[in-house]
Amino acid sequence: QSTWGDQLDNMNDDDLYLSIAQKHGGIQPLLESFFSFLSRRTDFFHVMQEGDKMGFPAGVAEKMVLSTFRKFQSKQPRETTSVTHNPAPTVAPVAPSMAAPSTAPSMAPSTGTSAVTSTPVPAAPSTISTTASAVPTPPAASAFSTYNGGVTERYRWQQTLTDVVMEIEVPAGTKANQLVVTFSASRLKVGLKGAPLLIDGELDDKIRVDDCFWNLEDGRLLHVNMEKQRETWWKSVIKGDAEIDTTKVDSTRNVQDYDPETQGAIRKIMFDQAQKAAGLPTSDELKNQEMLRKAWDAEGSPFKGQPFDPSILNMQQGNNDPAGPFM
């Protein structure tokens, strides 16, 4: 959660950012310039290997970018450009912030824990009323969203089909090295060294321990990110805690959340639907027309030199070979 001082610093930087944006002529070139800087002058893209003292574990840098995007996206009216798929995941969870070129993320001991100290604010596009809990809501301490999740006396949580993110309040001034967070495939333990555990329970489903991590924000908010072993909606994070109604979760998924191949297929379907509605040829028909156009002026074609007019071709039903009329 940003302070007024942080917001003032950001406003003071606006003129600089505007100048740079104007220099590059748009948002896309600005983003490319920034990521080029990260690539050339920092260890942001370096995947940490055993023994490394720089970079991030695989996948962490990407989650950092998505987390920051979602943080500021949540402050805007929700976009409506999406496709509905049931079931389907939605937003990426919280992730740690950028490290300096010669420093490594602060990693916890190899006891099923992974920590990165930073100051992100995890947030999803919106919230829905799936907190089927009669438990009183803790005092509002951050901008954390209970998107597809809920609230208990001990923590807040959100989820996608692939991830679960928890926010746990710890005593103000807590340091990362005072925390103990232990992941196992089906259990989570969270606490302060030398004190009773804050959380110790069986998870609703199994997680990928190697892809889990946590970070401490402002010395008082602990964010725990867990990746599910399988795509499913959890009723609760810890078994026995208040459950949500998983039939009411938001299963809307942005096109950008799919893998590139699926994105292409979805865009093709959307394009074809728009073309049909406008009485225009679909992508497959356009492709066939282009093949016909090439064959039209091919050597030996009876139509060579004439204006292209596919309507005069006698395409037999079931014949998908554009070269058929010329054979």
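Up top is the structure.
Quantities reported herein were computed from a predicted structural model and do not represent experimental measurements. (Residues numbered from 1 in each chain as written. Predicted model: local features only at pLDDT ≥ 70, side-chain atom pairs only at ≥ 80, totals over all residues. Heavy atoms only, no water.)

Colleague: Where do I start with the sheet that holds strand 8 (residues 213-217) in this structure?
Modeller: Sheet strands associate in pairs through backbone hydrogen bonding, adopting either a parallel or an antiparallel arrangement. The strand order 2-3-4-9-8 describes an open sheet built from five strands, whose pairing is antiparallel. Taken across any chain shown, the strands that pair with only one partner, and hence form the sheet edges, are strand 2 (150-151) and strand 8. Relative to strand 9 (residues 221-227), strand 8 is paired through five bridges, and the arrangement is antiparallel. Across the sheet, residue Leu216 finds its bridge partner in strand 9, namely Leu222. (Pairing = 2+ DSSP bridges. Helix = DSSP H or I, 4+ residues; strand = E, 2+ residues; numbered from the N terminus.)

Colleague: Would you mind showing me how to read the packing of helix 4 (residues 260-277) against helix 5 (residues 283-296) here?
Modeller: Angle between the axes and distance between the axes: these two values describe a pair of packed helices. At a closest axis distance of 8 Å, the pairing of helix 4 and helix 5 adopts a crossing angle of 85°. The orientation of helix 4 with respect to helix 5, classified from their angle, is roughly perpendicular. Between helix 4 and helix 5, the contacting residues are Lys268, Phe271, Asp272 and Gln275 on the first element and Ser283, Asp284 and Leu286 on the second. In terms of residue class, the contact of helix 4 with helix 5 is made up of two nonpolar, two polar and three charged. (Axes fitted to C-alpha atoms, helices over the stretch in contact; angles between N-to-C directions. Parallel < 35°, antiparallel > 145°, perpendicular 65-115°, else oblique. Contact = heavy atoms within 4.5 Å. Nonpolar A, V, L, I, M, F, W, Y, C, P; charged D, E, K, R; others polar.)

Colleague: Explanation requested: the packing of aromatic side chains in the structure shown.
Modeller: Each aromatic ring pair is described using two quantities: the centre-to-centre distance and the angle formed by the ring planes. In this structure the tally under the stated criterion is five aromatic pairs. The interplanar angle of 75° and the centroid separation of 5.8 Å between the aromatic rings of Phe34 and Phe35 together place this pair among those described as edge-to-face. On the basis of relative accessibility, which here comes to 42%, the residue Phe34 falls in the partly exposed class. Aromatic pair Trp296 and Phe303: ring centres 4.5 Å apart, planes at 20°, arrangement stacked. Taken individually, Trp296 and Phe303 each receive the classification buried, so the pair is uniform in this respect. Put simply, the rings of Phe34, Phe35, Phe37, Phe44 and Phe45 pair up and form one aromatic cluster. (Phe/Tyr/Trp six-rings, centres within 6.5 Å; stacked < 30°, edge-to-face > 60°. Buried < 20%, exposed > 50% of the residue type's maximum accessible area, 1.4 Å probe, protein only.)

Colleague: Before we go on, may I ask you to explain the environment of Trp214 in this structure?
Modeller: Within the secondary structure layout, Trp214 lies in strand 8. Sequence separation of Trp214 and Asn225 is 11 residues, and the distance between their C-alpha atoms is 5.8 Å.

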